[in-house]
Amino acid sequence: MMLTEKVIELAKEYELTLKASAEDPATLIGARKQYIDFLFDEILPKKEIFDSFSIMGASDHGEKRIVLRYEDRPGGFFLQSESGTVSHYQFAIFQYNHSNYVLLRDDTASKIQLYVASGGIDPQIKDEPNPRIGTGDLELLCRVKGAHYESSGDPKAPTKRVNYDDFTKMFVREITRKELIDPQSCTGYYKFDWTIGGLFDEFYWGLSTFAHKCHKKLEPLKGKMDPQDINKAYQALQTLAGRL
């Protein structure tokens, strides 16, 4: 059986199992485990998948650092989706609702790690060093762009809009597979925060949305780039899209 067909078949089984086990936590965990193990062991470790993600492009990060870029807009901090290569890592960065994910592939071991990160300044962590991810050799930074208003102190003078683009401290934690499949796991970057039971769904929809955005960007490039390169990227993304 071709890999793509296997992916689609398992995805269908996964959906049916979830519908049949909404009130059976044990079965739900089993279905999620099957899904995540296949995704993390057989699909995402492939270099071609992250090569296809690279269609999203990446800002300048650094030799051994990744910078998460947010815009401070009404409603919260909004993350800029990116993908690329830093050192021996390939990465994909995406947001779903207000949860921010960093998916990391270690090229030396074809290992996949998943992180959830904060955006913006938190007074509890402002004096902490920037977090390290991967095998500890990759620094994660946060940069926030936005605007605030300053008053001159004169009640007759209008407030002044001040734009900013600043590096800030941040918080990040790695998400294990066990946590990802647990129906009681919380979203967000604090375990006690945000939505209980929503982690799996948010990661699923975040990755699915990101993959389909990549797919949409790749579609018009068929026939305009090196056929071998574009076909490899497109086929890899088709495989992932079938799984999602």
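Residues numbered from 1 in each chain as written. Predicted model: local features only at pLDDT ≥ 70, side-chain atom pairs only at ≥ 80, totals over all residues. Heavy atoms only, no water.

Notes on the overall build of the chain
Then step 1. When you go through the chain residue by residue, the secondary structure sums to six helices and 10 strands.
Then step 2. A total of 244 residues make up the chain; the buried ones form 45% of that total.
Then step 3. When the accessible area of the chain is evaluated, it comes to approximately 13,100 Å², of which 51% is carbon and sulfur surface. (Helix = DSSP H or I, 4+ residues; strand = E, 2+ residues; numbered from the N terminus. Buried < 20%, exposed > 50% of the residue type's maximum accessible area, 1.4 Å probe, protein only. Areas by Shrake-Rupley, 256 points an atom, 1.4 Å probe, with all protein chains shown as cover.)

Points about the environment of Y204
Then step 1. Among the secondary structure elements, Y204 is positioned in helix α5 (residues 199-218).
Then step 2. In sequence terms Y204 and Y96 are 108 residues apart; their C-alpha atoms lie 9.2 Å from each other.

Topic: the packing of aromatic side chains
Then step 1. Throughout the structure, instances matching the rule amount to eight aromatic pairs.
Then step 2. On the numbers, 5.1 Å between centres and 70° between planes, the contact of F53 with F210 is edge-to-face. Of the two residues, F53 is situated in helix α3 (residues 47-53) and F210 in helix α5; the sequence distance between them amounts to 157 residues.
Then step 3. Classification of F53 by relative accessible area gives buried; the value is 0%.
Then step 4. Put simply, the rings of F40, F50, F53, F94, Y101, F203 and F210 pair up and form one aromatic cluster. (Phe/Tyr/Trp six-rings, centres within 6.5 Å; stacked < 30°, edge-to-face > 60°.)

Topic: the pattern of salt bridges
Then step 1. With the rule as written, the count across this model stands at eight salt bridges.
Then step 2. With a shortest N-O distance of 3.0 Å, D37 and R177 are connected by a salt bridge. Of this pair, D37 sits in helix α2 (residues 25-43) while R177 sits in helix α4 (residues 177-181); the two residues are 140 residues apart in sequence, bridging distant segments of the chain.
Then step 3. For K47, the salt bridge is made with D51, and the minimal N-O distance between the two is 3.0 Å. Within this pair, K47 and its partner D51 are both found in helix α3, separated by four residues, close to a single helical turn.
Then step 4. Owing to a relative accessible area of 39%, K47 belongs among the partly exposed residues under this scheme. (Salt bridge = Lys/Arg side-chain N within 4 Å of Asp/Glu carboxyl O.)

Considerations on the environment of V144
Then step 1. Following the sequence through the fold, V144 ends up in strand β8 (residues 138-150).
Then step 2. Since its relative accessible area comes to 3%, V144 is described here as buried.
Then step 3. Through-space distance from the C-alpha of V144 to that of D165 is 5.7 Å; in sequence the pair is 21 residues apart.

Comments concerning the confidence of the model for the chain
Then step 1. Model confidence for the chain is summarised by a mean pLDDT of 75, while 70% of its residues fall at 70 or above.
Then step 2. Counted against residues more than four places away or in other chains, residues 1-7, with its pLDDT under 50, gives 14 contacts. (pLDDT = per-residue confidence, 0-100. Contact = heavy atoms within 4.5 Å.)

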